[in-house]
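Now for the letters of each chain:
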Amino acid sequence: MAVHGGDRMVTVPPSGASDGQEELESNLQSQLSSLQSRVEELELENKRLVTLIASCQCSIKEGNCIAPVVSDLRSWDSTEQGEGANKVRSTIDCEAVSHEKGNEEEIGGSKLESKERPHADLPFSNRQVKTIKSCSKRYIALKVVYFGQRYYGFASEATSEPTVEAEIFKALERTRILVGGRQESNYYRCGRTDRGVSSTGQVISLLVRSNLKGDEGNASMTDSKPEIDYVRVLNRVLPRDIRISGWSPVPTDFTARFSCLSREYKYMFWKGCFNIEKMREGAQKFVGEHDFRNFCKMDAANVRNYRRHITSFDIFYTNQRSSDDELWEMRIRGSAFLWHQVRCMVAVLFLIGEGFESPEIVDTLLDTNKIRRKPQYNMASELPLILRSCQFKDVTFSCSSDANRALIEHLKNEYHNYMLQAAIFREALDCLCSSEDGSVEFERKKRGHVPLVLRQTEPSYEERLAKLKIKLSS
């Protein structure tokens, strides 16, 4: 005979087995007690889930009522509550509340699960989650430091991966700071650096989640709840060669690209045999407003005006030496720059410093009536180029003391690691120098040089534009 108890079935011996009746009753009593205890546990779990749903600030608001969810939860029987608890967790996305242990990310004192949620593969519209409109959000600017040696440029539109921008958006999504997608965030970047180029002052602006009350960048600073520590939270998940160094609230009409007043680049180089005075003379000829079409990569599809204003172009000694050589740097500041403009200007100055061209070549190339097509020449290397800073009106970047300490400690560790690597290269170089000769002097061979004005030229802007029109019409 079979006796059903809750969700379990107990087999009872035939009636003739009277000698085991007492043992049977004892077993039944024990199983019933166990079932009753299990029911009590599930009822407690039921109450906890109901309380969690009712108190969660990100409960379903716009058109999705919470009452049916609670009603369904209460109506489940004891055999379904274990599975039901998982279903409730999969339908609720409480960004600021987490009772789970394990790998978590902290945001403004609250904990977020960084593990994949059970409903992550479901369409956003089919999930009962806190809608974007019900979030508190604000418009901010972030200052970004990155070392570009292993990246294919900053912008994620690059043909290859990885890019700095793509890594930043991965971090924004992982920490749940991003509101909606990239399009909804009103995202802008100050500049798009090339492959291998680094930055200590890149700036991006976008709409992000906030702990403060308000909407669309109008978060109330009087809220007693602390704001999300954007710098610390993002730096915990970003790659080691990308860091956020500060953030600032900005008005909703601010854009990192068009609100920028000026940008400053730095290019570092070893002096070697360069004539610094001649290079400085040529550099000063760039200052002012000029047509720089002979000092950039032509982009006929997106650029029609090649006039840019350079406010300063200086060359400094950095007080750093290696063996018998000196480290120098160029600092170029302007309102905006064309594609590859800095690297092209530096390349021409290197030709001047080597004595292959005179400083007057800058005047010649800037005169587009004389030189209507850019001569072909190699750009300077991208690795020593740094986007040093971007200037804005009434924007002050800051970060918490904890985030600042962590950032400084991280950069110091990275610096020491690279210094150790440099010491290894120095050791290898010393091993190549025999003790008898002392050092090896490398004679620089005078290579054949074709003057820039006599070189083969690239297609002009008009020719590129006509070719582009033909391509689009075909």
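Everything numeric in this text was worked out from a predicted model, so none of it was measured.

Draft legend 1. Structural view of unusual backbone geometry. The linkage connecting Glu161 with the following residue, Pro162, adopts the cis geometry, with an omega of 5°. Along the chain, Pro162 turns up in the loop between β5 (137-146) and α4 (164-174). Located in the positive-phi region is Asn319, a residue other than glycine, with phi close to 65°. Even without a glycine there, the phi angle at His340 is positive, about 65°. The topology assignment puts His340 in the loop between β12 (325-334) and α7 (341-353).

Draft legend 2. Region of the structure containing the side chain of Ser389. Position of Ser389 among the secondary structure elements: in strand β13 (residues 385-391). Of note is the side chain of Ser389, whose polar atom sits 2.7 Å from the side chain of Gln391. Sequence-distant contacts of Ser389, that is, excluding residues within four places in its chain, are made with Gly201, Ser262, Arg263 and Glu264.

Draft legend 3. Molecular detail of the packing of aromatic side chains. Enumeration according to the criterion identifies 15 aromatic pairs in this entry. Their ring planes at 40° and their centres at 5.6 Å tell us that Tyr317 and Trp328 sit as a pair that is tilted. With Tyr317 in strand β11 (residues 307-322) and Trp328 in strand β12, this pair connects stretches of sequence that are eleven residues apart. An aromatic cluster of three or more residues is present, and its members are Tyr267, Phe269, Phe274 and Phe350. Lys374 extends its terminal NZ or CZ atom over the ring of Tyr377, reaching a point 5.0 Å from the ring centre.

Draft legend 4. Highlighting the nonpolar core. Formed by 57 residues in total, the largest nonpolar core has its most connected members in Phe269, Met279, Phe295, Met330, Met345, Val348 and Phe350. If one sorts the elements of this core by residue count, α7 sits on top with ten residues. Look past the residues within four positions of Met279 in its chain and what remains in contact with it is Phe269, Phe274, Ile315, Met330, Leu349, Phe350, Ile352 and Gly353. In terms of nonpolar packing, the next biggest core, distinct from the first, is built from 28 residues, Leu142, Phe169, Ile228 and Trp247 among them.

Draft legend 5. A look at a nonpolar patch on the surface. Taken together, the side chains of Val450, Val453 and Leu454 define a hydrophobic patch exposed on the protein surface, amounting to about 280 Å² of accessible area. Residue placement: Val453 occurs in the loop between α9 (401-432) and α10 (461-473).

Conventions adopted
Residues numbered from 1 in each chain as written. Predicted model: local features only at pLDDT ≥ 70, side-chain atom pairs only at ≥ 80, totals over all residues. Heavy atoms only, no water. Helix = DSSP H or I, 4+ residues; strand = E, 2+ residues; numbered from the N terminus. Polar contact = N/O pair within 3.5 Å; in protein donor to acceptor, adjacent residues only side chain to side chain. Contact = heavy atoms within 4.5 Å. Phe/Tyr/Trp six-rings, centres within 6.5 Å; stacked < 30°, edge-to-face > 60°. Lys NZ or Arg CZ within 6 Å of the ring centre and 35° of its normal. Core = buried A, V, L, I, M, F, W, Y, C linked by side-chain atoms within 4.5 Å. Buried < 20%, exposed > 50% of the residue type's maximum accessible area, 1.4 Å probe, protein only. Patch = residues over 30% accessible without salt bridge, like charges linked within 9 Å, V, L, I, M, F, W, Y side chains within 5 Å. Areas by Shrake-Rupley, 256 points an atom, 1.4 Å probe, with all protein chains shown as cover. Salt bridge = Lys/Arg side-chain N within 4 Å of Asp/Glu carboxyl O.

None of this, on its own, says anything about what the molecule does.
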